[in-house]
Amino acid sequence: MTLFAGMTGGASLMGALRAQEPASQEPLVYVCPLHPDVQAKAPGHCQKCNTKLVATSATASGAPEFYTCPMHADVISGTAGLCPKCNMKLIKGAPPETEEFRVHLETSPSPPRAGEDLKMRFRVFHPTTHEQVKTFNILHDMPFHLFVVSQDLTSFDHIHPALLPDGSFEIVTRLPREGYYKVFCDFFPGGGMPQVTHHHLITAGFKGDLVSSTARLQPERPVDGRLVRTIDGTRFELTFEPFPLYSGEEFELHYRLIDEPSGQPVKDLRPYLAAWGHTLILSEDGTDYLHSHPTEMLPEGMSEEEKRRLAATSEVTFDTFFPRPGRYRIWSQFQRADRILTVPFTIEVPRLS
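Remember, it's a predicted structure, so these values are computed and weren't measured experimentally.

Parameters at a glance
- Residue positions are given per chain, counting from 1 as you read along its sequence in written order.
- In keeping with the predicted nature of the model, local features appear solely for residues at pLDDT of at least 70, side-chain atom pairs appear and are counted solely at 80 or more, and the whole-chain, interface and lining totals rest on all residues.
- Where side-chain values are given, they derive from all heavy atoms of the structure, hydrogens and water being excluded.
- Helix and strand assignments come from DSSP, with helices taken as H or I runs of at least 4 residues and strands as E runs of at least 2, each series counted from the N terminus.
- Throughout, the Shrake-Rupley method with a 1.4 Å probe supplies accessible areas, and for residues the shown protein chains are the sole cover considered.
- Salt bridges are identified by distance alone: a Lys or Arg side-chain nitrogen within 4 Å of an Asp or Glu carboxyl oxygen.
- Note on classification: 1.4 Å probe, protein chains only; a residue is buried when its accessible area is under 20% of the maximum for its type, exposed when over 50%, partly exposed between these limits.
- Contact between two residues is taken to exist if any of their heavy atoms lie within 4.5 Å; hydrogens are not considered.
- Note on pairing: DSSP must find at least two bridges between two strands before they are called paired.
- The score called pLDDT rates the predictor's confidence residue by residue, from a low of 0 to a high of 100.
- Lines fitted to C-alpha atoms define the axes here, with helix axes fitted over just the stretch in contact, and angles between the N-to-C directions of these axes take values from 0 to 180 degrees.
- In protein, a polar contact requires one atom able to donate a hydrogen and another able to accept it; more generally it is a pair of N or O atoms within 3.5 Å, and residues adjacent in sequence count only if both atoms are side-chain atoms.
- Pairing of aromatic side chains requires ring centres within 6.5 Å, counting the rings of Phe and Tyr and the six-membered ring of Trp. Pairs whose planes differ by under 30 degrees are stacked, by over 60 edge-to-face, and all others tilted.
- A ring has a charge above it when a Lys NZ or an Arg CZ is no more than 6 Å from the ring centre and no more than 35 degrees off the ring normal.
- Only buried residues count toward a nonpolar core. Its members are Ala, Val, Leu, Ile, Met, Phe, Trp, Tyr and Cys residues joined through side-chain atoms within 4.5 Å.

Counting its regular elements, the protein contains two helices and 25 strands. As presented, the protein carries roughly 17100 Å² of accessible surface, and 51% of it is formed by carbon and sulfur atoms.

Set out below in structure tokens:
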């Protein structure tokens, strides 16, 4: 699965069940009496005219039907059927909120200082009710994926804030050096859709400016369609299918992991966050964000012992695409034994001519 934004124990059962309605009760949506195209899952006011939304049945409103899995809230269908992940019967419910949720970020100290502990606190608010969201669905073992990337794209961190009892998220981290940073929040709020929000930080005492801090990527040139890099004793061989690359087309990233000392395929690759790896891609200007997961999905809800018994692989494939021509930085992450390895590549994607 690839999540693209040019802008947005096990699965959270409570989050999924919020969409469930009793069989005898028609699911509700809230509709503006003056603008029927304005609909929401929760009470509120019309964004076009500020008229109070009126509760009505999904059928009466003309809204499409929605079916969700009670165990996997990310499984949403327009027709009845079975969940492709666990084979449970999908449950009819009200449509999810499709508007972007608002994220409020607080830092301590403010502004942050390079090389010192930085506490970051995130609160998520519903776009219609403006109430703080306290229920989140679990995606890839976590309710919240946080990416902190320097403006010049040389520094990368993928971390996971802890969910607090009041529904906020908190983490303590460090920014390695002075400058501008991009902060991407990747989460799936209860009652909403998976989404990404984008924020900025600037460290105290930084004397530069935003323009001079902008990334100036130097693309690597594939040899026979392949890029190679060694990180911490592991050689990563990256090929593309199809090749050459062009913007606007779907393609695959094929990774082959080699143990550098022995020259043999790695035998100790382990699942990392419920997948064989994770990939984040940013355009040079930071406006295009692509979070991609491997094409080979792992069974949901596996125990740690079941994960340890999985037959290790040395080849991992990701689906993705590049929306525009230009230069992109790719960060892919894998776990060998108990080590998380992050390998970066930089590529140039031309326009199809």
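Enumeration according to the criterion identifies 19 salt bridges in this entry. Salt bridges sharing partners connect three or more residues here, namely Arg226, Arg235, Glu237, Arg256, Glu260 and Glu315.

Turning to the environment of leucine 298, a few remarks are in order. With respect to the helices, strands and loops of the structure, leucine 298 is situated in the loop between β22 (289-292) and α2 (304-308). A residue is classified by how much of its surface remains accessible, and leucine 298, at 11% relative accessible area, is buried. Separated by twelve residues in sequence, leucine 298 and leucine 310 have C-alpha atoms that sit 9.6 Å apart. When residues no more than four places from it in sequence are discounted, the contact partners of leucine 298 are Pro271, Ala274, Ala275, Trp276 and Leu310.

With antiparallel pairing, four strands are arranged side by side in an open sheet as β8-β9-β13-β12. If you trace the sheet from one side to the other, it starts and ends with β8 (102-108) and β12 (162-163), each paired once. Relative to strand β13 (residues 169-174), strand β9 (residues 117-125) runs antiparallel, the two sharing six bridges. By the bridge assignment, phenylalanine 122 is partnered in β13 with phenylalanine 169.

Predicted confidence across the protein gives a mean pLDDT of 85, with 83% of residues reaching 70 or more. Of the regions scoring below 50 in pLDDT, residues 7-24 engages in 39 contacts with residues more than four places distant in sequence or in other chains.

A sheet is described by the order of its strands in space; here four strands give the open sequence β11-β10-β14-β15, paired in antiparallel fashion. Each end of this open sheet is capped by a strand with a single partner; those strands are β11 (156-159) and β15 (195-202). Shown here is a sheet whose adjacent strand axes are inclined to one another by a mean of 15°, direction ignored. In terms of strand pairing, strand β14 (residues 180-187) meets β15 through eight bridges, oriented antiparallel. By the bridge assignment, lysine 182 is partnered in β15 with histidine 200.

A few words on the environment of glutamine 151. The residue glutamine 151 is located in the loop between β10 (144-150) and β11 in this model. We classify glutamine 151 as buried; its relative accessible area is 8%. Along the sequence, glutamine 151 and lysine 182 sit 31 residues apart, while their C-alpha atoms lie 6.1 Å from each other. In this structure, glutamine 151 is in contact with Tyr180, Tyr181, Lys182, Leu210, Ser213, Thr214 and Ala215, ignoring residues within four places of it in sequence. One polar contact links glutamine 151 to lysine 182, side chain to side chain, over a distance of 3.4 Å.

Further remarks concern the packing of aromatic side chains. Inspection of the entire model under this criterion finds 19 aromatic pairs. Joined through ring pairs, the aromatic side chains of Phe122, Phe136, Phe144, Phe169 and Phe187 make up one cluster. Positioned above the aromatic ring of phenylalanine 345 is the side chain of arginine 229, whose terminal nitrogen or guanidinium carbon lies 5.7 Å from the ring centre.

This part is about the nonpolar core. Ranked by internal contacts, the top residues of the largest apolar core, which has 27 residues, are Leu253, Tyr255, Phe322, Phe334 and Ile347. At the level of elements, β17 (234-241), β18 (250-259), β23 (315-321), β24 (326-336) and β25 (339-349) are the ones that each hand at least two residues to this core. Sort the elements by how many residues they give to this core and β25 lands first, with five residues. Each residue touching leucine 253, except ones within four places of it in the same chain, is listed here: Leu238, Thr239, Phe240, Thr279, Ile281, Val316, Thr317, Phe318, Thr320 and Ile330. With 20 residues, the next largest nonpolar core counts Val103, Met120, Val133 and Cys185 among its residues.

Negative phi values dominate among residues other than glycine, just as trans dominates among peptide bonds. A cis amide bond, omega 0°, links serine 108 with the succeeding residue proline 109. In this fold, proline 109 is placed in the loop between β8 and β9. Glutamate 241 connects to proline 242 through a cis peptide bond whose omega is 0°. With respect to the element layout, proline 242 can be found in the loop between β17 and β18. Of note in the backbone geometry, aspartate 141 takes a positive phi value of approximately 75° without being a glycine. Checked against the element boundaries, aspartate 141 lands in the loop between β9 and β10. Positive phi values are uncommon outside glycine, yet leucine 273 reaches one of about 55°. The exposure class assigned to leucine 273 is buried, which follows from its relative accessible area of 10%.

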